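Fold and contact review
What follows is each chain in one-letter form.
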Amino acid sequence: MTTNVTAYAAPAAKAPLERTTIPRRAVGEHDVLIEIKYAGICHSDIHQARDEWGGATFPMVPGHEIAGIVAEVGSGVTKYAVGDRVGVGCMVDSCRECDNCRAGQEQYCTGGGMIGTYNATGRDGEPTYGGYSTHIVVDEAYVLRIPEGVALDAAAPLLCAGITVYSPLRHWNAGPGKKVAVVGMGGLGHMAVKIAHALGAEVTVLSQSLRKKDDGLKLGADHFHATSDPATFQELAGSFDLIVNTVSANLDVDAFLGLLKLDGAMVNVGAPENPSSFNVFSLLTARRTLAGSMIGGIRETQEMLDFCAEHGLGAEIELIGADQINEAYERVLASDVRYRFVIDIASLRD
Ligand SMILES: [Zn+2]
Ligand SMILES: [Zn+2]
């Protein structure tokens, strides 16, 4: 039997989000019912609620940075018990059988693709609805444990922003002796600074202006440069092992590739709307790599949460009520947030 729960939904593309109710499936054998406490607002929530990537289905309940408490478990659940602190990120299922799923890289599932936490179709054929709601039912295999050591509200953004930067930092071996540049210091970028610093890398922020310099240095950056200043690109030429580009606007790719040393890699985690181009000479003159990376698998997401808790890392957040979601969207688009909006789901329970 499905249960109706309170949620905030976009009724149609570009329409303001409004309070409504949505169905949640009955708790199955391997399911966990989560009482959601906090949900982060990711830039991709806005893209999808406004159907900017195409193919969106409505009504849409966004939210894939979910933190809460287990309220009920199915009879076959072994990993979680009522009262546990848990999270859900960008996916709630995948085929579980392809090579990538078996390797714990479910986000790259080739057996039909990962099933998104919202704006997707679940295994039961019903639309999936995200975290801007009071409860969610998820198979335990796609639920994460949030360790003590990180507050639930600051943990919520780790489920997308945190893993999106942790995965490439680990894959490209950010650590002691490595020089890492983070392009952009928003929701993703500020977590990249914290995590790269905790991994032991020397961290440089490349931001449009020096407006966030004090924050950047406080969060763990060793250096902070403005990309609006052409001198930055001369001064830092050939100096980084890794550049994590969190910006979703189109950049001068050649200029950034020029900042990499021999065998350096530039990894894109933001998704610009338009294609970008670059000169292949920018790669071959120093055996450089231009790459992309998308969130992380379930195993690695748990590793990230454990790492963040161990190092006392959470997101810098601005807590809002559900009735401020539409206003928050406008502020995200204006880059007017330091550094992540998190919805206090208690505001939906009144
Ligand atoms: Zn996201
Ligand atoms: Zn798969």
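Residues numbered from 1 in each chain as written. Chains lettered and ligands numbered in written order. Predicted model: local features only at pLDDT ≥ 70, side-chain atom pairs only at ≥ 80, totals over all residues.

1. Concerning the packing of helix H4 (residues 161–171) against helix H10 (residues 298–310)
Viewed as axis vectors pointing N to C, H4 and H10 meet at an angle of 100°, and their least axial separation amounts to 10 Å. Considered as vectors, H4 and H10 are oriented roughly perpendicular to each other. Between H4 and H10, the contacting residues are Gly162, Ile163, Tyr166 and Ser167 on the first element and Glu300, Thr301, Met304 and Cys308 on the second. Residues belonging to the contact of H4 with H10 are distributed by class as follows: 4 nonpolar, 3 polar and 1 charged. (Axes fitted to C-alpha atoms, helices over the stretch in contact; angles between N-to-C directions. Helix = DSSP H or I, 4+ residues; strand = E, 2+ residues; numbered from the N terminus. Parallel < 35°, antiparallel > 145°, perpendicular 65-115°, else oblique. Contact = placed C-beta atoms within 7 Å. Nonpolar A, V, L, I, M, F, W, Y, C, P; charged D, E, K, R; others polar.)

2. Some words on the pairing of strand S4 (residues 66–73)
Bridge count between strand S3 (residues 31–40) and S4: 7 bridges; the pairing is antiparallel. Looking across to S4, one finds that glutamate 35 is bridged to isoleucine 69. Alignment of S4 against strand S5 (residues 85–88), held across 4 bridges, turns out to be antiparallel. In the strand pairing of S5, isoleucine 69 is matched with arginine 85. (Pairing = 2+ DSSP bridges.)

3. Looking at the environment of isoleucine 46
Topologically, isoleucine 46 is positioned in helix H1 (residues 43–49). Classification of isoleucine 46 as partly exposed rests on a count of 17 C-beta atoms within 10 Å. Isoleucine 46 sits 286 residues away from valine 332 along the chain, and the two C-alpha atoms are 8.8 Å apart. Discounting chain neighbours no more than four positions away, the residues touching isoleucine 46 are Tyr329, Val332 and Leu333. (Buried ≥ 20, exposed ≤ 12 C-beta atoms within 10 Å, placed from the backbone.)

4. Considerations on the domain arrangement of the protein chain
As assigned here, the protein chain comprises domain 1 (3–160 + 315–348) and domain 2 (161–292). One C-alpha centre belongs to domain 1, the other to domain 2, and the line joining them spans 28 Å. Contact residues are listed per partner, giving 13 residues for domain 1 and 10 residues for domain 2. Here the side of domain 1 that touches domain 2 is built from residues that sort into 7 nonpolar, 3 polar and 3 charged. (Domains from an automatic or database assignment.)

5. Quick notes on unusual backbone geometry
Between phenylalanine 58 and proline 59 the backbone carries a cis peptide bond, its omega angle lying at 0°. Within the secondary structure layout, proline 59 lies in the loop between H1 and S4. A cis amide bond links arginine 338 to the next residue, tyrosine 339, at an omega of -5°. A positive phi angle, near 70°, is found at lysine 14, a position not held by glycine. If you trace the backbone, lysine 14 turns up in the loop between strand S1 (3–9) and strand S2 (18–24). The residue arginine 287 is not glycine, and still its phi comes out positive at about 45°. Tracing the backbone through its elements, the reader meets arginine 287 in the loop between helix H9 (281–284) and strand S15 (289–292).

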